[in-house]
Amino acid sequence: MSNKIKKIIDRQGFVLADGATGTNLFNMGLMAGDAPEMWNVEHPDRITKLYQGAIDAGSDLFLTNSFGGNASRLKLHNAQSRARELSRISAEIGREVADKCNRDIVVAGSIGPTGEIMGEVGTLTHEVAVEIFEEQAHGLLEGGADVLWIETFSAPEEYAAASEAMENVGADWCGTMSFDTAGRTMMGMTSADMAKMVTGMDYAPFAFGANCGVGASDLLRTVLGFSEAGADRPIIAKGNAGIPKYVDGHIHYDGTPHVMAEYALLARNAGATIIGGCCGTMPEHLAAMREALVSTPKGEKPSLDMITATMGAFSSDNDGTGDTPVKQPRRNRRRAH
Amino acid sequence: MSEEQDDIILSELSDDELVPQIHDDLYDGMKEEIEESVHILLDRGWMPYDILTKALVEGMRIVGIDFRDGILFVPEVLLAANAMKGGMTILKPLLAETGAPRLGNMVIGTVKGDIHDIGKNLVTMMMEGAGFEVKDLGINNPVENYLDELEAGEYDILGMSALLTTTMPYMKVVIDTMVEKGMRDDYVVLVGGAPLNEEFGKAIGADAYCRDAAVAVETAKEFMATKHNQLSA
């Protein structure tokens, strides 16, 4: 694990990560459909402001503005040749902001999924995926990222390809998946499956966890799932600030700073060490989360009922882990999935 | 996988056994077996439309139910849709020749500003898997793209997808423009995407919000059945 992260955990027992990138940038005028990564060169002042906002709110770590900065996603904007450059600059801006701060700040180079489907009927091969991630990883490291951070993945194949790329560049890395489908990732992976996958990796991440997904309740259930599967490394929780609601022609996340503070405490009690927000999480949420984490001692692991009582209902009855009977597939199947 | 089940010889099954076997093979995403079974039924004199509806569409309906219920996930559904496609490739020219009724035609695309297309691609695959014709407009579509395509072809359904909370309100722009042009009632408008919900679908004037690809297929089928009933009434 990065020494910086270890030092922060030893000192305060948790790492406060950052909040939303997209929501913050849209508030600064990013137009829907535009690639946020272009702002690294077009509006570096706004990216500085994004990072600074998290630091000023008390974050110990922030993710770079490079989530869609891989060749596969940039291709949609005809900028596939700029993956390394745009990623590098996102980290350079981050390095500069972090180094100006008088406490330890971790610059985590964000790597999002390719958006392509891998596996038997997919369009993306393992080799090409590794190449795509490696190119972006080089850029982020050149720009001065302390660690690399894979996020919002749903396919184990893609997570494995990213791991291989991390090994090829020798990066210290962590990675989260998004559990948004009946408590699993879109590709059907459960929290327990992920914990097992991570432990068994040749070039394993120093921390793993969940980001985005449905609401804070589901994300906390996933974190509990990691703990119960015997996670042997720090768990990351990066949940959305509530659930988006459509009010008078615009979108509003219903998670208040108070709700996110409750979420942060529950996440730590559930076993998470690196805690932040995702979509809808603004600096005021982060400040409330920090305040709560600092002023409240770590408590008992919450039960599922305690989570729903505080944060609201889950999106599905079960998440495919534990003893909950999962409905049986059909008869006469010729191959086991 | 047991030895016994590997030994199934499709051509030796009676029609009553073969149809459920097709359902199972679709469920397991076995493309070659599906193609073989479609040929067997054609050789036995089945009408292409009956093979489509009783064997393939019914099989995909079962896949859709288990996808909706969180028993199957995207990788299995993609395999099933791929197997279905194998069968459809054989049936498509024959369906046209025999003048079989069409299940429905759809235009689909993610709305302006939205470049996230996995959900939309899944709906396209599932809709095609269910026997619908789908014209995929891709990502980032302004209102003209949808309207021009609807006017250019014979369509029944418009599907719009958005993953971002910042882009989903654009769906209302498209629907409002359809109303202005007096073409709203000619189409069933279905909307979907992670941040949406039923309330949002109603608020913007869509016919239905579809939680996932399986629900999209079921909803489209219901609307098409209502439409056929109205036409024959």
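Every value quoted in this text rests on a predicted model; they were computed, and no experiment measured them.

K.L.:
A description of the sheet that holds strand S7 (residues 235-239) of chain A should follow, citing residues and the corresponding values.
P.N.:
All names here are of chain A. In space, the 8 strands of this open sheet follow the order S1-S10-S7-S6-S5-S4-S3-S2, with parallel pairing throughout. Looking along the sheet, the strands with just one partner apiece sit at the ends: strand S1 (15-16) and strand S2 (61-63). Its contacts with the sheet place helix H6 (residues 83-100) against S2 and strand S3 (106-111), and it is angled at close to 160° to S3.

K.L.:
With reference to specific residues and values, describe the environment of Met260 of chain A.
P.N.:
Residues and elements named next belong to chain A. Assignment of secondary structure puts Met260 in helix H11 (residues 257-270). Between the alpha carbons of Met260 and Met311 there is a distance of 9.3 Å; along the sequence they are 51 residues apart. What Met260 contacts, discounting residues up to four positions off in sequence, is Gly239, Asn240, Ala241, Gly242, Gly277, Thr281, His285 and Met289.

K.L.:
Can you explain the interface of chain B and chain A? Please cite residues and give values.
P.N.:
If you look at the interface, chain B gives 45 residues, while chain A gives 31 residues. Taken together, the two surfaces of chain B and chain A that pack against each other cover about 3500 Å², and 63% of this comes from carbon and sulfur. On the chain B side of the interface with chain A, the three residues burying the most area are Asp28, Phe73 and Ile118 of chain B, jointly 17% of the side's total. At the boundary of chain B and chain A, one finds 0 salt bridges. The interface formed by chain B and chain A holds 0 residue pairs in polar contact (both at pLDDT 80 or more) in total. Of all the secondary-structure elements, those providing two or more residues to the side of chain B that touches chain A are helix H2 (15-27), helix H4 (48-68), helix H5 (74-97), helix H6 (118-129) and helix H9 (198-204) of chain B. In terms of residue count, H5 of chain B provides more of the side of chain B that touches chain A than any other element does, 6 residues in total. Considered class by class, the residues forming the side of chain B that touches chain A number 25 nonpolar, 11 polar and 9 charged.

K.L.:
Kindly report on the packing of aromatic side chains, identifying the contributing residues and their values.
P.N.:
Residue and element names in this part refer to chain A. With the rule as written, the count across this model stands at 6 aromatic pairs over all chains. On the numbers, 5.6 Å between centres and 35° between planes, the contact of Phe133 with Phe153 is tilted. One end of the pair, Phe133, is in helix H7 (residues 126-142); the other, Phe153, is in strand S4 (residues 147-153), with 20 residues separating them in the sequence. You can call Phe153 buried: its relative accessible area is 0%. Over the aromatic face of Trp39 sits the side chain of Arg46, whose NZ or CZ is 4.8 Å from the ring centroid. The ring of Phe314 has Arg221 lying over it, and the distance from NZ or CZ to the ring centre is 4.4 Å.

K.L.:
Account for unusual backbone geometry, with residues named and values stated.
P.N.:
Generally, phi is negative for residues other than glycine and the peptide bonds are trans, each holding for most cases. Even without glycine at this site, Ala182 of chain A takes up a positive phi of about 50°. Under the relative-accessibility criterion, Ala182 of chain A is labelled partly exposed at 26%. Located in the positive-phi region is Asn140 of chain B, a residue other than glycine, with phi close to 60°. Here Asn140 of chain B lies in the loop between strand S2 (133-136) and helix H7 (143-152).

K.L.:
Could you give an account of the side chain of Arg290 of chain A, naming the residues involved and the relevant values?
P.N.:
Residue and element names in this part refer to chain A. Inspection of the secondary structure assignment puts Arg290 in helix H12 (residues 283-295). By relative accessible area, which is 18% here, Arg290 ends up buried. A distance of 3.2 Å separates polar atoms of two side chains, one belonging to Arg290 and the other to Asp60. When neighbours within four sequence positions are excluded, Arg290 is seen to be in contact with Gln12, Phe14, Leu16, Ala57, Gly58, Asp60 and Arg103.

K.L.:
Give a description of the sheet that holds strand S3 (residues 157-161) of chain B that names residues and reports values.
P.N.:
Paired through backbone hydrogen bonds, the strands of a sheet run either parallel or antiparallel to each other. All names here are of chain B. Taken in spatial order, the 5 strands make up an open sheet running S2-S1-S3-S4-S5, and their pairing is parallel. Of all strands in the sheet, those with a lone pairing partner are S2 and strand S5 (208-209), marking the two edges. Sheet topology places S3 next to strand S4 (residues 188-192); 5 bridges connect them, and they run parallel. Looking at the pairing, Ser161 lines up with Gly192 of S4. Packing against the sheet, H7 makes contact with strand S1 (105-110), S2 and S3, and its axis sits at approximately 160° to S3.

K.L.:
Any chance you could break down the pairing of strand S10 (residues 272-277) of chain A for me, citing the residues and the numbers?
P.N.:
All names here are of chain A. Counting buried residues in S10 gives 6 out of 6 residues, a clear majority hidden from the surface. Across 2 bridges, the pairing between S1 and S10 is parallel. The residue bridging Val15 from the neighbouring strand is Ile274, located in S10.

K.L.:
Break down the packing of H4 of chain B against H5 of chain B for me, citing the residues and quoting the values.
P.N.:
Residue and element names in this part refer to chain B. The interhelical angle for the contact between H4 and H5, taken along N-to-C directions, is 170°, at an axis separation of 11 Å. Relative to H5, H4 is oriented roughly antiparallel. Contact with H4, carried on its side by Pro48, Tyr49, Ile51, Leu52, Leu56, Val57, Met60, Val63 and Phe67, involves Val74, Val77, Ala80, Ala81, Met84, Gly87, Met88, Leu91, Leu94 and Leu95 of H5 and no other residues of that element.

K.L.:
Just give me the short version of the environment of Tyr209 of chain B, but keep the residues and values in it.
P.N.:
Residues and elements named next belong to chain B. Along the chain, Tyr209 falls in strand S5. Sequence spacing of Tyr209 and Leu190 is 19 residues, and the spatial spacing of their C-alpha atoms is 5.9 Å. Those residues in contact with Tyr209, other than ones at most four positions away along the chain, are Val191, Gly192, Gly193, Leu196, Asn197, Glu198 and Gly201. A distance of 3.4 Å separates a polar side-chain atom of Tyr209 from the backbone oxygen of Leu196.

K.L.:
Mind laying out the nonpolar core, listing which residues take part and the relevant values?
P.N.:
Residues Leu148, Tyr159, Met166, Met194 and Tyr263 of chain A are the most contacted members of the largest nonpolar core, which totals 79 residues. Here the element with the most residues in this core is H11 of chain A; it accounts for 8 residues.

K.L.:
Give a detailed account of a negative patch on the surface, specifying residues and quantitative values.
P.N.:
On the surface, Glu127, Glu164, Glu167 and Asp202 of chain A cluster together into a negatively charged patch. Assessed through its relative accessible area of 32%, Glu164 of chain A is described here as partly exposed.

K.L.:
Could you give an account of the side chain of Ser217 of chain A, naming the residues involved and the relevant values?
P.N.:
Residues and elements named next belong to chain A. Counting through the fold element by element, Ser217 comes out in helix H10 (residues 216-228). Owing to a relative accessible area of 3%, Ser217 belongs among the buried residues under this scheme. Residues contacting Ser217, with those up to four places away along its chain left out, are Ile307, Met311, Gly312, Ala313 and Phe314.

Cut-off values and rules
- Residues numbered from 1 in each chain as written.
- Chains lettered and ligands numbered in written order.
- Predicted model: local features only at pLDDT ≥ 70, side-chain atom pairs only at ≥ 80, totals over all residues.
- Heavy atoms only, no water.
- Pairing = 2+ DSSP bridges.
- Helix = DSSP H or I, 4+ residues; strand = E, 2+ residues; numbered from the N terminus.
- Contact = heavy atoms within 4.5 Å.
- Axes fitted to C-alpha atoms, helices over the stretch in contact; angles between N-to-C directions.
- Buried area = accessible area lost by both parts, 1.4 Å probe.
- Salt bridge = Lys/Arg side-chain N within 4 Å of Asp/Glu carboxyl O.
- Polar contact = N/O pair within 3.5 Å; in protein donor to acceptor, adjacent residues only side chain to side chain.
- Nonpolar A, V, L, I, M, F, W, Y, C, P; charged D, E, K, R; others polar.
- Phe/Tyr/Trp six-rings, centres within 6.5 Å; stacked < 30°, edge-to-face > 60°.
- Buried < 20%, exposed > 50% of the residue type's maximum accessible area, 1.4 Å probe, protein only.
- Lys NZ or Arg CZ within 6 Å of the ring centre and 35° of its normal.
- Parallel < 35°, antiparallel > 145°, perpendicular 65-115°, else oblique.
- Core = buried A, V, L, I, M, F, W, Y, C linked by side-chain atoms within 4.5 Å.
- Patch = residues over 30% accessible without salt bridge, like charges linked within 9 Å, V, L, I, M, F, W, Y side chains within 5 Å.
- Areas by Shrake-Rupley, 256 points an atom, 1.4 Å probe, with all protein chains shown as cover.
- Lys, Arg positive; Asp, Glu negative; His and termini not counted.
- Charge placed at Lys NZ, Arg CZ, Asp CG, Glu CD.

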